[in-house]
Amino acid sequence: MVRYAIDHLREADLDDVHAIDTSSFSMPWSIDTYRQELRAPQRSRYVVARFLVADTPPVPPPLHSVRTRLFGMLGQSDGAPAPLSGTIVGHAGIMRTPTDGHITTLAVLPEHRRQGVGELLLLALIEHAYDLGVRSLTLEVRTSNMAAQQLYAKYGFFIMHTVAGYYRDNHEDAVVMVIADITSLSFREQTKERSDALYQRLIHKNPRT
Ligand SMILES: CC(C)(COP(=O)(O)OP(=O)(O)OC[C@H]1O[C@@H](n2cnc3c(N)ncnc32)[C@H](O)[C@@H]1OP(=O)(O)O)[C@@H](O)C(=O)NCCC(=O)NCCS
């Protein structure tokens, strides 16, 4: 059974999201920063991952597309369906810039890591990137953050360059990672394969039941 589902981020969720940020980042965003982002849906999209409560119907088994799986239970991805019930265990965001789609944040509560939630969130951002009409994706990540770099590499991001002393708290370098063309057939096929594998994993392995 799949116990995690993607939902839209809403203002009512911001305390939970801030708690995840605080447990995940040395420089967490303020709640106000998220609030500003939520007010610009034409350029910024934010999602949360929820750990579904026991009586929530499970996410449908493998369907036709990544989009259907991620957003099928929500109806229109750009509509305003009712929130799913379940604890927020992760969140992520993407912003359209003049040149690309920039992943602004992605984090999972420590006790829910290594179960595929990071991948679910990344897949949701990729779907939003198509909605936003961007072709390439970029992000920055700390050079020491191998967990995140491996997650991004698994989905086809490659290291473009590093920015010396990018992070203000400890002057750590940032690695800039890029996917050049999310509209290419090869990227779409690779993403579909990754999504299939993730859903098989989520269906067959649920250590919490
Ligand atoms: C990075 C992060 C979001 C990953 O979330 P997660 O839910 O644990 O990731 P998943 O379970 O979906 O793992 C997907 C892939 O990521 C990589 N990965 C995740 N955690 C890893 C770890 N501790 N070590 C090595 N690789 C790791 C692996 O490639 C993994 O694929 P696999 O299961 O086939 O090995 C999570 O560790 C986190 O919240 N970290 C703190 C916040 C952060 O650093 N965010 C990124 C900012 S750029």
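Residues numbered from 1 in each chain as written. Predicted model: local features only at pLDDT ≥ 70, side-chain atom pairs only at ≥ 80, totals over all residues. Heavy atoms only, no water.

Brief notes about the environment of Ala129
Rules: Helix and strand assignments come from DSSP, with helices taken as H or I runs of at least 4 residues and strands as E runs of at least 2, each series counted from the N terminus. A contact between two residues is defined here by any heavy atoms of the two lying within 4.5 Å.
Within the secondary structure layout, Ala129 lies in helix α4 (residues 117-132). Apart from residues lying up to four places away in sequence, Ala129 is in contact with Ile94, Val134, Leu137 and Ile182.

A word on the packing of aromatic side chains
Here is the rule we go by: A pair of Phe, Tyr and Trp rings is counted when the ring centres sit within 6.5 Å of each other, with Trp represented by its six-membered ring. The angle between the planes then sorts it: under 30 degrees is stacked, over 60 is edge-to-face, the rest tilted. Buried, partly exposed and exposed residues are distinguished by accessible area as a fraction of the type maximum, computed with a 1.4 Å probe on protein chains only: under 20%, between the cut-offs, and over 50%, respectively. Consider the ring centre and the ring normal. A charge sits over the ring if Lys NZ or Arg CZ is within 6 Å of that centre and within 35 degrees of that normal.
Using the criterion set out here, one finds 6 aromatic pairs in the structure. Taking the centre distance of 5.3 Å and the plane angle of 50° together, the rings of Tyr4 and Phe51 count as tilted. Placement of Tyr4 in strand β1 (residues 4-8) and of Phe51 in strand β2 (residues 44-52) is noted, with a sequence separation of 47 residues between them. Comparing Tyr4 with Phe51 shows no difference in burial state: the two are buried. Every member of this aromatic cluster is reached through a ring pair, and the members are Trp29, Tyr34 and Tyr46. Positioned above the aromatic ring of Tyr167, the side-chain terminus of Arg142 is 4.1 Å from the ring centre.

Quick look at the site of the ligand
For the record, the criterion: It suffices for a single heavy atom of a residue to lie within 4 Å of a molecule or strand for the residue to be listed as near it. Polar contacts, as used here, are pairs of N or O atoms within 3.5 Å; protein pairs need one atom able to donate a hydrogen and one able to accept it. Residues neighboring in sequence count only if both atoms are side-chain atoms. Reported accessibility uses the Shrake-Rupley method at a 1.4 Å probe radius. Residues are deemed covered only where the shown protein chains occlude them. Only protein atoms enter the 1 Å grid, on which a cavity is a set of points fitting a 1.4 Å probe that cannot get out and a pocket is an open set with protein on both sides within 12 Å along at least 5 of 7 lines, lining residues being those with an atom within 4 Å of a point. A molecule is said to be in a cavity or pocket once over half of its atoms fall within 2 Å of that pocket's grid points. Amino acid classes used here: Ala, Val, Leu, Ile, Met, Phe, Trp, Tyr, Cys and Pro are nonpolar; Asp, Glu, Lys and Arg are charged; the rest, including Gly, are polar.
Taken together, the neighbourhood of the ligand is formed by 22 residues, with Leu106, Arg114, Gly118, Asn145 and Lys154 sitting nearest. At a separation of 2.9 Å, an oxygen atom of the ligand approaches a polar backbone atom of Glu119. Note that an oxygen atom of the ligand is positioned 3.3 Å from one of the side-chain N or O atoms of Arg201. For the ligand, the accessible surface in isolation is 920 Å², of which the surrounding protein chains cover 79%. With respect to the pocket detection grid, the ligand is positioned in the largest pocket. Elements represented by at least two residues in the shell around the ligand include exactly β4 (101-108), α4, β5 (137-142) and α5 (146-154). Partitioned by chemical class, the residues of the shell around the ligand number 10 nonpolar, 6 polar and 6 charged.

So, the pattern of salt bridges
Short version of the rule: By definition, a salt bridge exists where a carboxyl oxygen of Asp or Glu is found within 4 Å of a side-chain nitrogen of Lys or Arg.
Within the structure shown, the criterion is met by 14 salt bridges. For Glu119, the salt bridge identified is with Lys154, shortest N-O distance 2.8 Å. Placement of Glu119 in helix α4 and of Lys154 in helix α5 is noted, with a sequence separation of 35 residues between them. A salt bridge links Arg142 to Glu172; the shortest N-O distance between them is 3.4 Å. Separated by 30 residues along the polypeptide, Arg142 in strand β5 and Glu172 in the loop between β6 (158-163) and β7 (174-179) bring together distant segments of the chain. Given a relative accessible area of 16%, Arg142 falls into the buried group.

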